[in-house]
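# Working through the structure, step by step
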Amino acid sequence: MINILVSNDDGVSAPGIAALSEALSQYYQVKTVGPDRNCSGASNSLTLTNPLRINKLDNGYISVSGTPTDCVHLAIRELYQQEPDIVVSGINAGANMGDDTLYSGTVAAAMEGRFLGLPAIAISLVGRELKHYETAAHFACKIVAGLVKKPIAHDQILNVNVPDLPLAEIKGIKVTRLGARHKAEGMVRTQDPAGREIFWLGPPGDEQDASEGTDFHAVANGYVSVTPLTVDLTAYEQLSTMKQWIEHL
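Reference entry: report on the structure contained in this document. (Residues numbered from 1 in each chain as written. Predicted model: local features only at pLDDT ≥ 70, side-chain atom pairs only at ≥ 80, totals over all residues. Heavy atoms only, no water.)

### Section: the packing of aromatic side chains
Keep this limit in mind: Aromatic pairs are defined between Phe, Tyr and Trp rings, using the six-membered ring for Trp, whenever the two ring centres lie within 6.5 Å; interplanar angles under 30 degrees are classed as stacked, those over 60 as edge-to-face, and all others as tilted. Partly exposed describes any residue whose relative accessible area lies between the buried limit of under 20% and the exposed limit of over 50%, with all areas from a 1.4 Å probe on protein chains only and scaled to the type maximum. Any Lys NZ or Arg CZ that is within 6 Å of a ring centre and within 35 degrees of that ring's normal is treated as a charge sitting over the ring.
Summed over all chains, the structure comprises 1 aromatic pair. Here tyrosine 27 and tyrosine 28 contribute two aromatic rings whose centre-to-centre distance is 6.2 Å and whose plane-to-plane angle is 55°, an arrangement assigned as tilted. For tyrosine 27, a relative accessible area of 51% corresponds to the exposed category. Above the face of the tyrosine 223 ring, lysine 174 is positioned so that its terminal group lies 4.4 Å from the ring centre.

### Points about the environment of alanine 109
The following threshold applies: The numbering of helices and of strands both runs from the N terminus, where a helix is a DSSP run of H or I of at least 4 residues and a strand a run of E of at least 2. Note on definitions: a residue-residue contact is assigned when non-hydrogen atoms from the two residues lie within 4.5 Å.
Residue position: alanine 109 is located in helix H3 (residues 105-115). Exposure remark for alanine 109: the relative accessible area of 0% places this residue in the buried category. Residues alanine 109 and isoleucine 121 lie 12 residues apart in sequence; the distance between their C-alpha atoms is 9.0 Å. When residues no more than four places from it in sequence are discounted, the contact partners of alanine 109 are Pro68, Val72, Val87 and Ser89.

### What about the nonpolar core?
Applicable threshold: We define a nonpolar core as any set of buried Ala, Val, Leu, Ile, Met, Phe, Trp, Tyr and Cys residues linked to one another through side-chain atoms lying within 4.5 Å.
Grouped together as the largest cluster of nonpolar side chains are 31 residues, with contacts concentrated most on Ile4, Leu24, Ile91 and Val160. Secondary structure elements with two or more residues in this core: strand S1 (3-7), helix H1 (15-24), strand S5 (86-93), strand S6 (120-126), helix H4 (133-149), strand S7 (156-163) and strand S13 (223-230). With 9 residues, H4 is the single largest residue contributor to this core. Other than its neighbours up to four places away in sequence, isoleucine 91 contacts Asp10, Gly16, Ile17, Ala19, Leu20, Ile123, Ser124, Leu125, Tyr133, Ala136 and Ala137. If you look at the next biggest cluster of nonpolar residues, it comprises 21 residues, including Val33, Ile62, Ala120 and Leu229.

### Describing the side chain of histidine 132
Heads up, the condition is: As used in this structure description, the phrase polar contact means that two N or O atoms lie within 3.5 Å; if the pair is within protein, one of them must be able to donate a hydrogen and the other to accept it, and residues adjacent in sequence are counted only when both atoms belong to side chains.
If you trace the backbone, histidine 132 turns up in the loop between S6 and H4. Of note is the side chain of histidine 132, whose polar atom sits 3.2 Å from the side chain of glutamate 134.

### Things to note about the packing of helix H2 (residues 68-79) against H3
Definition in use: Interaxial angle, 0 to 180 degrees, is taken between N-to-C directions of lines fitted to C-alpha atoms, where a helix line uses only the stretch in contact. For classification purposes, an angle smaller than 35 degrees is called roughly parallel, one larger than 145 roughly antiparallel, one from 65 to 115 roughly perpendicular, and anything else oblique. Two helices crossing with the near one rotated counterclockwise from the far one by less than a right angle form a left-handed crossing, whereas a clockwise rotation gives a right-handed crossing.
Between H2 and H3, the shortest axis-to-axis distance is 8 Å and the interhelical angle comes to 25°. Judged by the angle between their axes, H2 and H3 are roughly parallel. The interaxial crossing formed by H2 with H3 has right-handed handedness. Together, Pro68, Thr69, Val72, His73 and Ile76 of H2 and Gly105, Ala108, Ala109, Glu112 and Gly113 of H3 make up the contact between the two elements.

Below, the structure written as C-alpha cells:
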C-alpha cells in the first residue's frame, strides 16, 4: 500500500485539505498533518524559537502549532513509524502561480517533502468563489497515480493549479512555466481602534507575463497547469559570467 502524507498552509480545518485527504484515501493510506491555523504566505519558514505542539483531532488528522514546513518535517521525522512514499500539499484556497510560489506555504510544504527525499506535489484551486474542490482532488489523484508509476527527477516538485470549474469543463492538462507579475502595490496605511498606526500588505501586482506557455495562461483558458519546480535555485547558466564579474571587483 502506498503511503501519502497530506499537509497544507490554510490550516488543518480548511475544506481543501479535507477534500484532498478524502479523495486520496480511496486509493492510498493517507496521514494528514496540518498547521493549527492559517499559515498562508509562510513560505519555507521553520519554527526555531518555540516548541511544536501537536493535537490529534476527532477525524484522525493531526494539527501542529507551527508552519507548513514544520508539519511535513515533524510528520516524516517523528510522528509516523513508516515514512510516507509521497507528500501532497493542498488543496490551497487560491492560486499559487508565477512569483507567488516564492511566498507559498503550500509549495513550501511540498518542497520540504522533497528536501527529505520524497516525491512531492503542491496543488491549488484557482478562482473567486472556490466551489469545486472535488475537481482539484480528482487531478491530485490522477497525478499521484502518475508519480507512483513513473517518479520525476529527484530535485523537482510539481506545482499544480486547477481552475475552479466542474470537472466536465476542464479542457485538459498543460505543462507550463511560471508566469510573472508586476511589482506589488504599496502597503495600506491605517489605524487600529486605539488610533495607532498599522499597515496591511497591499494587493499583488497585475500579471506581467501571462503569455501562452505560462501557468497564468493555462488556468485562464480552462486547463490544469502543471509546473515542474526545481529545488536547486542556482543559476547555472550565469556561473561563468559571474566568475568574470567577480574578477573585476
